[in-house]
Amino acid sequence: MASALDGVTVVEFTAHLAAAYAAMLLAEHGARVVKVEPPGGDPARGTPHFQVLNRGKRAVSADLETPAGRAAAARLIRRADIVVTGWTPSRARELGLDRAAIAVLNPRAIALALPPLGSRGPDADFDASEELAAALGGIAGAQWARSGNPAPLTFPAASYSAGVLGATAAAAALLARGDGPGQAVETSILAGAFSLQTGGIMRHEKMTSLYHGPQNPLGPIPCYRLFEAADGQYLFIACGNMTFWNKFALAIERPDLVADERFEGAPWGIPKQNWQTLVEILEPIIRTRPRDQWLTLLRAADVPSAPVLTRHEFIDHPQTRALAMRHELADPALGATIQPGVSINLGATPGAIAGPAPAVTADDIDGAAQWLAGAPRAPAAASPLRAISRGPLTGVVVLDFCSYIAGSYGPMILAQMGADVIKVESLEGDAFRHFGFGFLGWNEGKRGLALDFTQPEGRDIILGLAGRADIIVENLRPGRMARYGFDYATLAARNPRLIYMSVTAFGNRGPDHNQPGFDPLLQARSGVMAAQGGPHGHPVYLTCAICDYGAAMLSALGCVLALNARERTGHGQMCETSLLQAAMAFQAGEFCFYDGRPAMENGDAEYRGAAALSRAYETGDSKWLFVDVKTPAQWRALANLCGHAAGLDFAAAARQPAAGPLAAALSEYFRTRDRSAALAALRAAAIPATPVHRFNDLFDDPQVLANDLLLELEHSQFGKLTQTGILAQFATTPGRIDHAGPMLGEHTRQILADTLGYPPARIADLLTRKIIRTP
């Protein structure tokens with residue numbers, strides 16, 4: 001069966017995890033990918049991350065420092081539809097492989113660049129690691145610890161995010177290219193960090209925090225958090241709305257809690273002075289039974305809950321197997337491995353894992369070029385590019401039947417790329433509207449339609465729009481759309497070109513497919529909570545909602561892949577992804593199991609970094625910076641700068657733990673200086689370091705501002721606000737967002753009049769009878 005990107009050719013140059021992941025995702029959906037490595041191969045070869053993120057590719061080596069190596073690269077680029085790089089701008093120019101040079105070699109190529117911190121600004125030529133980009137991008141500063149200090153994540157979330165963004169952008173640019181020229185496309189690891197936090201990166205004078213009191217790594221509120229059961233095992237209970245709170249109170253035989261005025265507004269609106277009181281009621285109750293008993297009881301009561309598992313346990317879980325997310329693969333370097341499966345299901349053009357990561361000698365340059373040249377080519381559609389001004393998806397109409405982050409953020413990405421996204425809500429609205437400004441971080445640039453689609457006139461409106469739509473995205477519990485007559489089979493019969501993306505918690509098959517799901521439930525199951533907490537402490541709730549954001553980003557990628565497939569087949573298709581698949585896709589390298597696998601579950605509730613030379617340090621002005629020393633020269637410079645451990649060689653220094661004597665000595669040094677002075681000294685000595693930003697810091701950071709990662713928008717109620725900008729940027733077809741997320745039903749009149757041709761009298765009648773709603 002054909003895949004979405006059959007006939008597409010990709011050349012990837014070794015850089016970092018994000019670039020490798022972007023190319024791998026394209027390979028999984030049919031593209032032919034050649035990876036160009038330096039002589040001797042990528043230094044990361046043999047590691048779990050390399051072996052997973054490079055599967056399905058072919059590999060060659062070329063010394064790009066030499067004329068012969070650059071000539072070899074040019075031969076491959078001339079055969080490529082997409083060229084993936086991750087260098088800084090100055091490094092790309094040094095190699096003669098910047099975006100302008102690629103365009104000369106191949107005017108039709110999509111030049112996807114993923115410079116770590118973006119291509120503009122004072123740090124554009126700083127080759128920052130994942131750890132440094134995540135610190136600069138707010139991830140480490142946002143993670144909760146009881147101390148209130150930064151807590152970096154133990155896995156490369158920002159790089160995974162950037163990889164998915166990059167693949168989505170490349171596929172969108174490919175769609176827009178048609179039979180015309182290509183263009184330069186850019187995202188970054190820094191943008192990847194932003195993409196996982198759009199609901200928090202927001203500035204407005206009326207914003208208030210949803211959470212109160214000390215940061216709790218067990219969870220944000222008393223009834224949406226981790227609990228320890230009688231057997232010492234942990235589970236997460238997720239009363240994310242009033243319905244689940246009521247069911248939970250009944251399940252624990254405390255219905256009085258629902259009427260208790262101290263907990264009025266539960267779950268999210270409990271007065272802060274009563275949080276600890278409720279915790280002290282609930283914790284002893286949960287300690288009365290073993291974890292599995294609680295899970296059985298809560299499941300019977302339809303209360304969302306999940307056990308805290310390890311990654312090893314989750315890869316063998318029946319639900320993981322049901323979604324084909326446990327894939328056995330013979331790897332030439334590692335032997336027998338178990339790896340994650342394909343994270344997006346395209347019904348008519350499914351992806352597949354073509355094979356393991358290749359040996360670097362798998363092909364020579366001529367063989368690789370011939371392999372690329374042999375890719376079957378479909379006739380290209382006529383290109384509308386020259387007239388496009390809103391992004392590569394201009395003209396694409398999306399109906400968004402989503403709530404929460406996992407559903408809503410995917411269509412927002414499509415809107416940033418130019419699609420006309422209509423957010424379809426009930427008369428009561430998206431349940432996440434109660435998150436206030438956070439809601440705007442998942443719904444930027446959409447138009448709002450509110451109606452009662454349980455009524456015939458409301459259903460008629462939906463059917464009329466679905467007949468004109470290119471894409472539908474929904475994240476209702478399985479079966480709910482069919483109940484209204486809006487399932488794929490029904491709508492595709494009316495509109496065969498319709499692409500239908502379903503985002504669920506656990507997929508649409510398997511023993512848990514119909515269970516309610518929230519991000520932390522998949523965090524708990526997938527092992528990331530246990531990994532962040534480490535082997536000797538309690539599990540840790542991640543404030544960076546990787547499962548929600550990950551599922552949304554994968555849904556956007558799936559939609560764009562399906563649009564590419566439609567160009568060839570003329571037909572739409574059913575597409576699916578889930579929080580479960582996202583949990584694994586955003587820990588892809590960590591879900592690689594084989595004999596001799598290194599331990600990657602070594603976090604702590606007060607985690608500061610992996611080692612003394614790669615961790616966050618507090619400075620004298622109570623701010624934080626992150627140092628990430630990778631080479632002997634950098635270590636010598638740091639030792640000389642700090643005046644400590646000058647006799648320790650690099651190999652010994654690199655083995656020093658994050659809480660050992662060397663870390664203590666470095667902590668003492670940094671506490672005697674304010675952050676700006678310390679960073680200036682580190683940069684002058686060529687020692688890699690960045691500030692550890694909190695959200696508020698991001699709005700004034702010159703690197704963030706230079707790369708347009710923030711955007712000032714107008715909201716109909718709140719006026720001007722600043723939030724996440726367009727995170728994938730297109731040189732020829734730049735995206736444009738004109739307004740913030742919509743008020744409930746804000747564009748109902750406009751949509752009915754302009755899209756469906758309803759006259760004013762008919763719209764007025766529907767309003768009077770409460771079939772539709774406007775602000």
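Residues numbered from 1 in each chain as written. Predicted model: local features only at pLDDT ≥ 70, side-chain atom pairs only at ≥ 80, totals over all residues. Heavy atoms only, no water.

A. Spatial organisation of the pairing of strand β18 (residues 499-504). Within β18, 6 of the 6 residues are buried, leaving the element largely enclosed by the surrounding structure. Neither face of β18 is left uncovered, since the one carrying Ile499, Met501 and Val503 and the one carrying Tyr500, Ser502 and Thr504 both have all their residues buried. The pairing of β18 with strand β19 (residues 574-578) spans 5 bridges and is parallel. Pairing of Ser502 across the sheet is with Glu576, part of β19. (Buried < 20%, exposed > 50% of the residue type's maximum accessible area, 1.4 Å probe, protein only. Helix = DSSP H or I, 4+ residues; strand = E, 2+ residues; numbered from the N terminus. Pairing = 2+ DSSP bridges.)

B. Region of the structure containing the sheet that holds strand β27 (residues 772-773). Reading across from one edge, β13-β19-β18-β17-β14-β15-β16-β27 is the order of the 8 strands in this open sheet, with mixed pairing throughout. Only two strands of the sheet have a single partner each, and these edge strands are β13 (345-346) and β27. Both strand β16 (residues 447-451) and β27 contribute to a ladder of 2 bridges, which runs antiparallel. Paired with Leu451 across the bridge in β27 is Ile772.

C. A look at the sheet that holds strand β8 (residues 224-228). Across the sheet, 3 strands lie side by side as β8-β9-β10; this open sheet has antiparallel pairing. Because the sheet does not close on itself, it has two edges, and the strands there are β8 and β10 (305-307). On average, adjacent strands in this sheet sit at an angle of 20° to one another, irrespective of strand direction. Looking at chain direction, strand β9 (residues 234-238) and β10 are connected through 3 bridges and run antiparallel. Paired with Phe236 across the strands is Ala306, a residue of β10. Packing of helix α12 (residues 275-286) onto the sheet brings it into contact with β8 and β9, and relative to β8 it is tilted by some 45°. Together, β9 and β10 form the strand contacts of helix α13 (residues 291-300), whose direction differs from that of β9 by roughly 20°. (Axes fitted to C-alpha atoms, helices over the stretch in contact; angles between N-to-C directions. Contact = heavy atoms within 4.5 Å.)

D. Quick peek at the packing of helix α8 (residues 157-177) against helix α24 (residues 546-569). At a minimum axis separation of 9 Å, α8 and α24 run at an interaxial angle of 20°. When the interaxial angle is binned, α8 and α24 end up roughly parallel. In the crossing of α8 with α24, the sense of the turn from one axis to the other is left-handed. Listed contacts from α24 to Ala157, Ser161, Val164, Leu165, Ala167, Thr168, Ala171, Ala172, Leu174 and Leu175 of α8 are Ile546, Met553, Leu554, Ala556, Leu557, Val560, Leu561, Leu563, Asn564 and Glu567. (Parallel < 35°, antiparallel > 145°, perpendicular 65-115°, else oblique. Left-handed = near helix turned anticlockwise from the far one by under 90°.)

E. Local environment of the environment of Ala450. As for its placement among the helices and strands, Ala450 is situated in strand β16. On the accessibility criterion, Ala450 (0% relative accessible area) is buried. Considering only alpha carbons, one finds Ala450 and Gln729, 279 residues apart in sequence, at a separation of 31 Å. Discounting residues that sit within four places of it in the chain, Ala450 has contacts with Glu425, Ser426, Leu427, Leu744, Gly745, Thr748, Ile772 and Arg773.

F. Just the state of the cysteines, in detail. One pass over the full model with this rule turns up 0 disulfides. Cys547 supplies the cysteine sulfur nearest to Cys544, a cysteine that is in no disulfide, at a spacing of 9.6 Å. Here Cys544 falls in the buried class, since its relative accessible area comes to 5%. Cysteine Cys592 is unpaired, with the sulfur of Cys547 as its nearest cysteine sulfur at 19 Å. (Disulfide = S-S within 2.5 Å.)

In short, geometric facts, not functional conclusions.
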